[in-house]
Structures are given as structure tokens and as C-alpha cells.
Amino acid sequence: MIPVCSVDELPVGESIRITADVPVAIFNADGEIYAIDDTCSHQDASLADGFLEGCFVECPLHAALFDLRTGMPSCLPAKKPVRTHPVFVEDGTIYVHVAAQPVVQPAGQPEFALSQESVA
Ligand code: FES
């Protein structure tokens, strides 16, 4: 587990980028903390610099939306998911466990899901 920052240092609607084996973006989406690979699966853009919309982050370069809960893109141009990483809070500190596994496309899933259920 990697300590990221205190909960107070990541207010609602904000993000932070850390460098582990790969860059990881950590978000506070309406009080829920999520961590995903920071680099967009489309091209080289930092998702920590993107725009939060509910549980989705919009890539700042070409506006693909990624679901913070699953890492799946919900619109083009991104077609492949980014990894999600387990996060927990203990004694006011946010920790992330950077997943070692490669990005895996769920069986039977299209390359991207068209649902934008949480985007409002
Ligand atoms: S770099 Fe993210 S959508 Fe193109």
C-alpha cells in the first residue's frame, strides 16, 4: 500500500497524481475515493487533469469518459479500459494498492460501453 495524502488534502471534486510503478490518478468523487491508471488508454494524457462528472472522468485531450468504478471507457475515442486500483482510508490517510495485473477486457464486454448512466 502506498500512502497518497490525507483525506483533507483531496477535497470533493479534486484529483491527485502519484507515481508508483505507473502513474496513478486518485479522485474524490462526491466523497468516494477512486484510483485508476493516470494515462489515458487512447493517447498520452493525464486523467488526473481531466474533468470529474459524477463517477466518470473526462479525458482532457479528446474527451473520452472513463468510469472510475470499473476503468471502462463509455465513449470514443478511447476503446480500452484503464486499470482500477484498490483504495482505503485509515486514520485520515488515503492509501492505494497499485494493481500489478495488466488491463484485462472483461469477457463478453464490448471494447467500450455506451451507457453514461451516471453522467448528469
Ligand atoms: S488521449 Fe484521452 S481520449 Fe484521447
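Starting from 1, residues in each chain are numbered consecutively following that chain's sequence as written. Where totals are concerned, whole chains, interfaces and linings use all residues; where local detail is concerned, this predicted model gives features only for residues with pLDDT of at least 70, and gives and counts side-chain atom pairs only at 80 or more. With hydrogens and water set aside, each side-chain value is computed from the structure's full complement of heavy atoms.

Named according to an unreviewed UniProt entry, the chain is Bifunctional 3-phenylpropionate/cinnamic acid dioxygenase ferredoxin subunit originating from Amycolatopsis antarctica.

A. Representation of the sheet that holds strand E2 (residues 15-19) within the structure. Whether two strands pair comes down to DSSP finding at least two bridges between them. Helix and strand definitions here come from DSSP, where helices need a minimum of 4 consecutive H or I residues and strands a minimum of 2 consecutive E residues; each element is numbered from the N-terminal end. Spatially, the four strands line up as an open sheet ordered E2-E3-E4-E8, and their pairing is antiparallel. Single-partner strands in this sheet number two, and they are E2 and strand E8 (84-85).

B. Summary view of the nonpolar core. If you look at the biggest cluster of nonpolar residues, it comprises 17 residues, and the most contacted ones within it are Phe27, Ile36, Cys40, Leu47, Val57, Phe66 and Leu68. Elements supplying a minimum of two residues to this core: strand E3 (23-29) and strand E4 (32-37). A total of three residues in this core trace back to one element, the largest contributor, which is E3. Grouped together as the second largest cluster of nonpolar side chains are eleven residues, Val4, Ile26, Ile33 and Val98 included. Definition used in this section: a nonpolar core is a set of buried Ala, Val, Leu, Ile, Met, Phe, Trp, Tyr and Cys residues joined via side-chain atoms within 4.5 Å. Here the term buried applies to any residue with accessible area under 20% of the maximum for its type, exposed to any over 50%, and partly exposed to those in between, with areas from a 1.4 Å probe on protein chains only.

C. Region of interest: the environment of Pro77. Positionally, Pro77 belongs in the loop between strand E7 (65-67) and E8. Using a relative accessible area of 27% as the deciding quantity, one classes Pro77 as partly exposed. Sequence-wise, Pro77 and Ala63 are 14 residues apart; in three dimensions their C-alpha atoms are separated by 7.9 Å. Any two residues whose heavy atoms approach within 4.5 Å at even a single point are treated as in contact. Setting aside residues up to four positions removed in sequence, Pro77 forms contacts with His42, His62 and Ala64.

D. Region of interest: the environment of Gly54. By the element assignment, Gly54 lies in the loop between strand E5 (51-53) and strand E6 (56-58). Each C-alpha atom, one on Gly54 and one on Asp30, is 7.1 Å from the other, the two residues being 24 residues apart in sequence.

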